[in-house]
Amino acid sequence: MLLTGSSTTLVQSFLQVLSSEFSMKDLGPLHHFLGIQIHTTPTGLHLSQSHYAHSILERAQMLDCRPMPTPSVHKAVSPPDDTQVDTRYFRGLVGSLQYLTLTRPDLSFSVNYVSQFMYTPDISHLKFVRRILRYLKGTIHYGLSLTADTPLVLSAFSDADWAGCPTTRRSTTGYCTFLGSNIILWCAKKQNTVARSSTEAEYRAMAHAAAELTWLGYLLDDLRVSILHPPVLHGDNLSALYLTVNPVLHARSKHIALDYHYVRERVAQGALTTKHIPSSLQLADIFTKPMTKARLAQFRHKLCLRPRQSLRGDNELRGYKDADIPLEFGVIRLDVMC
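- The chain appears in an unreviewed UniProt entry as Reverse transcriptase Ty1/copia-type domain-containing protein from Erythroxylum novogranatense.

### Section: the nonpolar core
Item 1. Among the nonpolar cores identified, the biggest contains 47 residues, and Leu97, Val129, Leu133, Cys176, Ile183, Phe287 and Leu303 are the most heavily contacted of them.
Item 2. Broken down by element, this core gets its largest block of residues, seven residues, from helix 5 (residues 123–138).
Item 3. Beyond its immediate stretch of four places on either side in the chain, isoleucine 183 contacts Leu144, Leu146, Cys176, Thr177, Phe178, Leu303 and Cys304.
Item 4. Among the nonpolar cores identified, the runner-up in size contains 22 residues, and Tyr203, Leu213, Leu243 and Val267 belong to it.

### Here's the deal with the packing of aromatic side chains
Given two aromatic rings, one states the distance between the centres and the angle between the planes to describe the pair.
Item 1. As enumerated under the stated definition, the model contains four aromatic pairs in all.
Item 2. Seen from their ring centres, tyrosine 52 and tyrosine 99 are 5.4 Å apart, and the 75° between their planes marks the pair as edge-to-face. Taken together, the positions of tyrosine 52 in helix 2 (residues 50–59) and tyrosine 99 in helix 3 (residues 87–100) put the pair 47 residues apart, joining distant regions of the chain.
Item 3. Look at tyrosine 99 and you get partly exposed, because its relative accessible area is 30%.

Definitions and cut-offs
Residues numbered from 1 in each chain as written. Predicted model: local features only at pLDDT ≥ 70, side-chain atom pairs only at ≥ 80, totals over all residues. Heavy atoms only, no water. Core = buried A, V, L, I, M, F, W, Y, C linked by side-chain atoms within 4.5 Å. Buried < 20%, exposed > 50% of the residue type's maximum accessible area, 1.4 Å probe, protein only. Helix = DSSP H or I, 4+ residues; strand = E, 2+ residues; numbered from the N terminus. Contact = heavy atoms within 4.5 Å. Phe/Tyr/Trp six-rings, centres within 6.5 Å; stacked < 30°, edge-to-face > 60°.

Written out as structure tokens, the structure is:
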């Protein structure tokens, strides 16, 4: 059982009540839980899976591999190769990487991509997995930095890579949700059907993000956490944003299923606000397509990903200015994330 709270006195008094009713042992402050290392910092918590990542590299016999700057090749195209690999070995590595994404949102897109070949992997797919592991080697100490003093404001970024899959031409949905300046939920997933327009693909991504915001709102309400303002959903597709408030774009929206108008209903009820954000500032891009080294470093910082030693000064991010992202593009103060 994990107990947490904003007051140490309240937590201790609750422990005394539990001890009077049940036979229990207090193990002290939390350090490890289900393979996740928890380190207390002056501003909050740092969650990492460096020991677990080390075991994955050890299993793959890649402890001494040369690190790579990105987990996937930008504009990668899988070359045809019918050479089969050990399916059990491939599934074991990919399954381990899937669990690693609990604290590594920067791996979500790449791991989602290789997960699509679990049944019939070939040598080209194994090469993609090895590149992820080489990137992991160079960023093994990265983890989520959660700030304690942050406003209780829900917001999300959603994006879609229209027809991004070269094989099926399905789009990839990506979104991430923040509570104040802390990222708490993210997703990278291929859409179930082919989208006939970028508007449809983006609107589907917004529908998924809006549903997650609604669920988080109910969860916070059950925890007696009051959210004073409606959640804000950021998107970079103007046509999809216009559909949330005015479904008049018949030529672009007549082929979109009715269930995706859930977003428009939430906006009409005042339970959700949508805002435009330039594509260059769209944080959800990292969940829909491969990133260049520069953009990946920028997004890692904005998604609360930092190495443990960076809590005493991050050399990699020196010279990067948060002011590059203006404040008027949402409720979250993006300049003070993490």
